[in-house]
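Read off the chains here:
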Amino acid sequence: MSKIETKGTGPADASKTEGYWQDVENKVLDPEALNKEFPDGEFDSFSVEKSRRSFLKIMGFSVTALPLTGCIKIPVRKAIPYLHKNDTVIPGVANWYASTWKGTPILVKTREGRPIKIEGNDKSSVTMGGVDSQGQASVLSLYDSNRFNGPQMDSKSVEWDQFDKALKADIAKSAEAGKEFYIVTPGLNSPSEISVIEKFSSKFGAKHISYEPSSQYSAAKANEMSFGKLALNEYNFKNANVIVSFEADFLGTWGNNIANTKQYSSRRNPKNAMGMNKHIQIEASMSLTGSNADYRYTRSTEESRNILLSVLKGITGEGSTKVIDTNSDVVSGIVKELKANIGKSLVISGDRDIDAQVIVNKINQALGSYGSTLNVANNKYATVANDADFNSFVTSMNSGEVGVAFFIGTNPVYDYFDSAKVTSGIAKVATSVSFAMSADETSSLCKYVAASNHNYESWSDTQVSGKELSFTQPVIQALFGTRMYPETLLSLMDETGSFHDYIKAFWAKNFFTKQSALATATDFWNKSLHDGVVSLEGLSPKVNTSSFSAKTSASKLASIKYGTGLNIVTYRKSTTKDGDMANNPWLQECPDPITKATWDNYAMVSPAYAKEKGIKSGDVVTVKSATHTVTIPAIVQPGTAKNTIAIAVGYGRKVAGKVAKNLGGNAFGFNSFVHGSIHNTTSFGSITKTGKFKGLAQTQTHHSMEGRDIVRETTFAEYAQNSKSGNEKKAKIVHIYPPHKKDGHQWAMTIDLTTCTGCSSCIISCNAENNVPVVGRQEVANRREMHWMRLDRYYKGDENQPEVMHMPMLCQHCENAPCENVCPVMATVHSSDGLNQQVYNRCVGTRYCANNCPYKVRRFNWFNYDRSDKLSNMVLNPDVSTRSRGIMEKCSMCIQRIQEGKLEAKRERRDLKDGDIKLACQQSCPAEDGIVFGDMNDKDSKISKHIGDDRNYAVLEELNVQPRVTYMTKIRNK
Amino acid sequence: MKKDFVIATFECDEKLLHTTEKVISKNIDIYDIYTPFPVHGLDEAMGIKRSVLPYVTFAAGLTGLLIAMGFQVWTSAIDWPIIIGGKPFLSIPAFIPITFEITILLGAHTTVAAFLLMNKLYPGKQAVIIDPGQTDDKFIMAIEKDKTNVEDVTALLKENGAIEVRVQNIDLNP
Amino acid sequence: MSDAHVSKFRQKLVTEDRTYKQITADVLDTLEAPPTKAWLIGFSISAFFLTIGVMVMIYQVSTGIGVWGLNKTVGWSWDITNFVFWVGIGHAGTLISAILLIFRQRWRTGINRAAEAMTIFAVACAGIFPLIHAGRPWLLYWVFPYPNTRGALWVNFNSPLLWDVFAISTYLTVSVVFWYMGLLPDLASVRDRTKSKMRKMIYGIACFGWNGSTRTWHHFEVLSLVLAGLATPLVLSVHTIVSMDFATSIVPGWHTTIFPPYFVAGAVFSGFAMVCTLMIITRKVMNWENYITVNHIDAMCKVITLTGSMVGLAYGTEFFMAWYSGNPYEQYAFINRAFGPYWWAYWTMISCNVITPQFFWFKKLRRNMTFVFIVSIFVNIGMWFERFVIITTSLHRDFLPSSWVMYSPTWVEIWTFIGTFGLFFTLFFLFIRFLPGIAVAEVKSVYRYARDNK
């Protein structure tokens, strides 16, 4: 994979075609649309210009095309017309550019100038090549046809210079009036962006505040109270023998989930020299992290805070104990574990209460965890989202003190708990400006819309950790008439030169000087740009974490009243998170790792409560708090505290693209402002059945393994005794005819059920790599999702505190494949290197192969799925053909990647090395060795070692289908 | 080509059978007998040789068997062997059903074809109809006039229950 | 000597004394006369359902299988259920005309013509489903091994579906010629007695110039025997192969060695039931009570009871084997059939197929046309459910519980099925209107023995 360094360039395309993804659903409901053999406009002459086939042509005249397509005028320096062919862009060969997505160093794969795939940057010492599902899906959002096509004033499109003039005038006016000027951004960690904002603020006397709907303000504030520094924590799970997590979904949505998963999973490997870590989770509703815990305790927010208090008491003797008898053993257990691992333990809390976080700090401090398993990430270049600041900003908006408000990449009208107050506030602000990519609730209320670029059209930089910086470079020409927000700020300051120049200068000034390896600033710049990540020392000065008292916090926390009603908890799905990417169909259709539901949010009810109130999954219920109400389907979710209702935020968008609009209900309203920070819980809630029923679009509806040994598991204790434990009984296999000879490469895959967290990043990576169609809510409800890679999730034991098993399931590439025998036309056959191949062109669609597949991994094209959105078709991988209706498809082991790897080796006249070929799912897996792929004929390859391991087993091996995909037993540290 | 025939009409198949035996025993050879349904024993009585159809069937069936098995072996194991479900290229048991079906197919259709050829039956053929009743309730015996003595035969047939005996000129291929 | 094989205990095959002429007239006059009211009503109803069926199929093929209720786990349900159901129906015809001919069961002559016709129509209905159930029906010719431009890419001779293609096409074509050869003498009769020039010409062409020559008759009888001899193993092989569509898979509930005999018994069972249904209607509509007599129905009822009991035995054996095999998946599959979410389908099947035929142990009931008619309907329902149970309940919960789903048909599937009934009866009504519905010549040939043995 050649990673060629160039400046991000690409074609311009302003196509806005009708009919976005959800039309797939409409299609199914509308027989008329179904009758169309081809998607709309397949053959109209104009659309051909936008189609993949003639892409080079477009690139050819892109420069001249820019004005026509109404894009901003770009200096020719940045556009590379194909008339003079760019020698770094070879048709048919991918270019890889290093960039960053939301703090994750990544590589962007572009083909003929189109970004089509995101992969982790394995040069990063923090994320080590992992990406999460959002990162994987981000490339599709780039091609969202709902994006702004240029700036707007009073919701009328204008030209940028016109926009700048008017805005400048308004800013001046408000300054004269002596009104306040606020800039609202998310918590930033970009050195150059921060410096631009600082520059801007000082020039216009603006106040810069950071706001995130699901901020970690409480933790940062706690650090300020404990150690005098408002900063977030940086964790090192590698050193933690014991992890006690209160409500922190650190593998899914909390903190740097990718880095966390990498470190955490490395300690899940039972062969790790430091042994296997022990993970205790206390939470009110089942989270991805909780589902991976060795010991998971379902406890309401109140109970878990009491447990926290008692642990504090147990460790430090400080504070009061409010232990409910039933929890005393839990507490004593935790205390025992922690005390036994001084300096090697870690207590985390996702609690958004500041005092709770102070207590956590105290416990960690007392256990000597600082410096070992965590430290205060006092990053030079970081602003922390501050609930208190924003709260007061909202107040001052309403009191009419604010003259100008910039909302940069924030959407408080949607995601602030008191939306009405923000709305009324913005109405009182004379000059409100939204820097958004596409229309959202906030931008629709703002006077100005400074349409901004997508991440992959932008320049930026990121401080990833105390030791690492990462670059963001554009990988395609801005598709619409948008502008990255720092450039807007610069032009408002009448700065000449682009943000690209600014950032270059900034790096020369601040970072080039910090290193000695490279002589000239240009070399440093080019190298940084090429590698993406740069490691430098001294980016975060150490914070003194000396002892302090948590007494007051303890008593404050103990004083919180919970009431008798239901406790409503809002959480984030690891896919759609806060809803800023809600318009991304890949994310919407990716099943939630726990509920396996798609295209919706819902009220999680505990089985016990459901029984009591006669609530069934799919019953539409009205959830009420003192201030907020939503009406959504209920889902009976094992592992939910009895008096708790958990609802995912990120849904119920009112102003959004076709996919997200009016999908589910907005749960942000259930957050509340308590003790100086926004809490994601509220008491005194109630739930009532409406009598309506709305079936959930779940990809899995049966949750028990029915006693079949599908997921084989054991405990660490037993494993220590016997490495075969849990995997002793092997089926007796009898061959009635000799197997075919296996020479040359023989591909195989192993999946480690111990390290796999079920994060579902592999699913979306597979979607992107293999052009897996999105089918829409209705079709998922019809049990026809097309995912080649799926994650089966099984429950075991007590439904109040179930044990959870995640099992990635994909085509097992059986040597004795049952699907092959039954196909009358040889549309599915076996390759000499051991792959089960599906020949799309030959398939007539009898579906017998799917019936005869014991793993049910084959997917049938029931319709011609919607590809009418020409823009989103840009994301298609040209190496993988899209499938028409009536044919079967399934995991191909990324045959195109295998081929690429083989050709690469051949071109370089060498043998294929182990690890040359990485499959899409494997590449994106944030877990260490979660998925291993390779040539089992290569005796010292990793795959051979894994296959030889005592934990290795084949699912349903008794059928003697001889799968090439095998699994490693799940080990719980008990 | 036209010919004169002695035509005897019967209304009862037993009488017909009886008469036929008599006529044959008198060494008068009968040109043909037309009946609305197969009168059992009549063919033996007329001394018609056993039909060769079964041999045709056997030959055709055998050919079908060999072709089918041969073709399957050739395509699966010789012409383009492809790994299917880890099975050997030459998996004979899997070839049996189709071999069987083709055997039947060829056997049956060839036999039918042979039958039609032997009796010169084909769509649109003009049938030799001596009496419209011969496909209803009449049994017609035809004896070539010049191969026999009309008077004697007429008498013989009459006394054996022919309801009518006449000499008729018949176009054998209308 | 030709009488050597005639039993002295033979019951009357034609209830009243008729002359040959009368027999011909009784059967063939209907072809001359204008259609009766009953016929017109029956025909138009069938044609109506056929039309709807055709429209629905066009919609489905032009849109995609997605308009059916199938999903990622249940890839077959109503489509293949209906296919097996219709093929099964067909078997009775061949059985009556071939096997009974070999066993010299002379009573078959009254009903074999209609039964054979029914076979052909049923197989035609069956054939529709493999065609339209495919994702890309317009490419189905690929199942035939013809030399092609893909470097001669052949077909997969390991696939039971391919065996099916050959079995069904052989079965259909052989049944057609068998049936048509039998028609020749009767077509000739029509030609010779009709007044209308038009008919004379058409039937003249159609009967291949048949003239009842004894030489032809001689070959004809040998031909019938040969074809019967071939059709008998054929009919057994066809449903054996159909059963292999399931038996050769690895799906619990499909992967069973008992399937071939079990399916053949079931086919004959359902087939005879359908023949009863049809014959009871026909003998009324065409007033052929003298030819399709109570004795015929009685005899068929006995076959129904026999095969019904065989099927019942098979059900029991399946359960026993599931338990005895010790295979958890197999065991679950059968528990799930009887007590899972589709329990109602299973118990419908049991009560219709195992219980109702037992009434035919009583002669009184066997000879009560209304009762027989009702039971025959029940048996047909039961046999449809048998296939539904085997196919759907085995698929919807197989190895990995994560993929377990429920299935329910859409209106498209339902109307497609009704449409095939439309086709079946439309063809049947046309048949009894324009072709000799009873094998006149054969009836005559056995009539003598009937008469002798009065």
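Our subject in this report is the structure included herewith. (Residues numbered from 1 in each chain as written. Chains lettered and ligands numbered in written order. Predicted model: local features only at pLDDT ≥ 70, side-chain atom pairs only at ≥ 80, totals over all residues. Heavy atoms only, no water.)

**A short note on the side chain of His787 of chain A**
On the secondary structure map, His787 of chain A appears in the loop between helix 26 (777-781) and strand 32 (790-796). Once residues lying within four places of it in the same chain are set aside, the contact partners of His787 of chain A are Glu589, Cys590, Pro591, Ile763, Asn767, Val772 and Arg859 of chain A. (Helix = DSSP H or I, 4+ residues; strand = E, 2+ residues; numbered from the N terminus. Contact = heavy atoms within 4.5 Å.)

**A few points about the pairing of strand 6 (residues 180-185) of chain A**
Residues and elements named next belong to chain A. With respect to burial, strand 6 is a largely interior element, five of its six residues being buried. In this structure, strand 6 lies alongside strand 14 (residues 402-408), joined through five bridges in parallel fashion. Looking at the pairing, Val184 lines up with Phe407 of strand 14. Note: strand 6 against strand 7 (residues 207-210), four bridges, orientation parallel. By the bridge assignment, Val184 is partnered in strand 7 with Ile209. For the handedness criterion, the β-α-β arrangement of strand 6, helix 8 (residues 191-204) and strand 7 is classed as right-handed. (Buried < 20%, exposed > 50% of the residue type's maximum accessible area, 1.4 Å probe, protein only. Pairing = 2+ DSSP bridges. Right-handed = clockwise from strand over helix to strand, strands pointing away.)

**What about the interface of chain A and chain C?**
Counting residues at the interface gives 56 residues for chain A, matched by 56 residues for chain C. Overall, the association of chain A and chain C removes approximately 4,600 Å² of surface from exposure, summing both partners, and the carbon and sulfur fraction of that is 55%. For the chain A face of the interface with chain C, the top three residues by lost area are Arg708, Arg842 and Tyr848 of chain A, together amounting to 16%. Seen at the junction of chain A and chain C, the total is three salt bridges. For Asp398 of chain C, the salt bridge is made with Lys856 of chain A, and the minimal N-O distance between the two is 2.9 Å. Counting the contacts that link chain A with chain C gives 38 residue pairs in polar contact (both at pLDDT 80 or more). Looking at the side of chain A that touches chain C, the elements that each hand over two or more residues are helix 2 (31-34), strand 32, helix 27 (818-822), helix 28 (848-851) and strand 36 (859-860) of chain A. Broken down by element, the residue count for the side of chain A that touches chain C peaks at four residues, all from helix 27 of chain A. Taken together, the residues of the side of chain A that touches chain C sort by class into 26 nonpolar, 15 polar and 15 charged. (Buried area = accessible area lost by both parts, 1.4 Å probe. Salt bridge = Lys/Arg side-chain N within 4 Å of Asp/Glu carboxyl O. Polar contact = N/O pair within 3.5 Å; in protein donor to acceptor, adjacent residues only side chain to side chain. Nonpolar A, V, L, I, M, F, W, Y, C, P; charged D, E, K, R; others polar.)

**What about the packing of aromatic side chains?**
Considering all chains together, one arrives at 99 aromatic pairs over all chains under this definition. Ring centres 5.4 Å apart and planes at 70° place the aromatic pair Phe319 of chain C and Phe334 of chain C in the edge-to-face group. Within this pair, whereas Phe319 of chain C is found in helix 9 (residues 294-325), its partner Phe334 of chain C is found in helix 10 (residues 328-339), the two being separated by 15 residues in sequence. According to the relative accessible area criterion, Phe319 of chain C is partly exposed, its value standing at 25%. Given the relative accessible area of 1%, Phe334 of chain C is considered buried. Centre to centre, the rings of Phe359 of chain C and Phe371 of chain C are 5.7 Å apart; their planes meet at 90°, and the pair counts as edge-to-face. Taken together, the positions of Phe359 of chain C in the loop between helix 11 (343-355) and helix 12 (363-366) and Phe371 of chain C in helix 13 (residues 369-396) put the pair twelve residues apart, joining distant regions of the chain. Owing to a relative accessible area of 38%, Phe359 of chain C belongs among the partly exposed residues under this scheme. What links up through ring pairs into an aromatic cluster is the set Trp78, Phe85, Trp86, Tyr342, Trp344, Trp384, Phe385, Phe388, Phe417, Phe421, Phe424 and Phe425 of chain C. We note Lys362 of chain A situated over the ring of Phe548 of chain A; from NZ or CZ to the ring centre the distance is 5.3 Å. (Phe/Tyr/Trp six-rings, centres within 6.5 Å; stacked < 30°, edge-to-face > 60°. Lys NZ or Arg CZ within 6 Å of the ring centre and 35° of its normal.)

**Brief notes about the sheet that holds strand 1 (residues 2-10) of chain B**
All names here are of chain B. With respect to topology, four strands assemble into an open sheet ordered 2-3-1-4, the strand pairing being antiparallel. Strand pairing shows two members of the sheet lacking a second neighbour, strand 2 (32-34) and strand 4 (164-171), which therefore form its edges. Averaged over all neighbouring strand pairs, the angle between strand axes comes to 30°, with direction disregarded. As defined by bridge partners, strand 1 adjoins strand 3 (residues 139-144) across six bridges and the pair is classed as antiparallel. Bridging from a neighbouring strand, Ala8 pairs with Met141 of strand 3. Set on the sheet, helix 1 (residues 13-25) makes contact with strand 1, strand 2 and strand 3; between it and strand 3 the angle comes to about 20°. (Axes fitted to C-alpha atoms, helices over the stretch in contact; angles between N-to-C directions.)

**Details of the nonpolar core**
Across soluble globular proteins, nonpolar side chains have a tendency to be buried as a group. Judged by nonpolar contacts, the single largest core of 289 residues is most densely connected at Met749, Tyr855 and Tyr967 of chain A, Met141 and Leu157 of chain B together with Trp86 of chain C. Looking at this core, the element that brings in the most residues is helix 5 (residues 160-193) of chain C, giving 17 residues. Once residues within four sequence positions are removed from consideration, Leu157 of chain B is found in contact with Val6, Ala8, Phe10, Thr19, Val23, Met141, Ile143, Ala162 and Val165 of chain B. Counting 45 residues, the second largest nonpolar core, distinct from the first, contains Val158, Trp160, Phe200 and Leu469 of chain A. (Core = buried A, V, L, I, M, F, W, Y, C linked by side-chain atoms within 4.5 Å.)

**Observations regarding the interface of chain A and chain B**
Facing ten residues of chain A, the contacting portion of chain B comprises eight residues. When the two sides are added together, the surface that chain A and chain B hide from each other amounts to roughly 980 Å², 64% of it contributed by carbon and sulfur. For the chain A face of the interface with chain B, the top three residues by lost area are Tyr737, His740 and Asn821 of chain A, together amounting to 53%. Counting every contact that joins chain A to chain B gives zero salt bridges. Connecting chain A to chain B are five residue pairs in polar contact (both at pLDDT 80 or more). Going through the elements one at a time, helix 27 and strand 34 (828-830) of chain A are the ones with two or more residues in the side of chain A that touches chain B. Looking at the side of chain A that touches chain B residue by residue, the classes come out as four nonpolar, four polar and two charged.

**A look at the packing of helix 3 (residues 78-102) of chain C against helix 8 (residues 259-285) of chain C**
Residues and elements named next belong to chain C. Running from N to C, helix 3 and helix 8 point in directions that differ by 75°, and their axes come no closer than 7 Å. Classified by the angle between their axes, helix 3 and helix 8 sit roughly perpendicular to one another. Along its contact with helix 3, which presents Val84, Trp86, Gly88, Ile89, His91, Ala92, Leu95 and Ile96, the element helix 8 presents Phe263, Ala267, Val268, Ser270, Gly271, Phe272, Met274 and Val275. Grouping the constituent residues of the contact of helix 3 with helix 8 by class yields twelve nonpolar, four polar and no charged. (Parallel < 35°, antiparallel > 145°, perpendicular 65-115°, else oblique.)

**Section: empty space enclosed by the protein**
Empty space among the atoms can be located by rolling a probe the size of a water molecule over them. Computed from the structure, the largest cavity encloses a volume of approximately 580 Å³. Taken together, 39 residues make up the lining of the largest cavity; nearest its centre are Glu247, Thr570, Tyr571, Arg572 and Asn680 of chain A. It is strand 20 (residues 566-571) of chain A that provides the largest number of residues to the lining of the largest cavity, a total of three residues. Residue composition of the lining of the largest cavity, by class: 13 nonpolar, 17 polar and nine charged. Taken domain by domain, the makeup of the lining of the largest cavity includes at least three residues from each of domain 2 (217-376) and domain 3 (561-698) of chain A. Lining of the second largest cavity is provided by 14 residues; of these, His740, Lys742, Glu815 and His830 of chain A together with Ile83 of chain B occupy positions nearest its centre. Across the lining of the second largest cavity, the residue classes break down as two nonpolar, eight polar and four charged. (1 Å grid on protein atoms, 1.4 Å probe; cavity = no way out; pocket = protein on both sides within 12 Å on 5 of 7 lines; lining within 4 Å. Points joined across faces, edges and corners; volume = space filled by probe spheres on them. Domains from an automatic or database assignment.)

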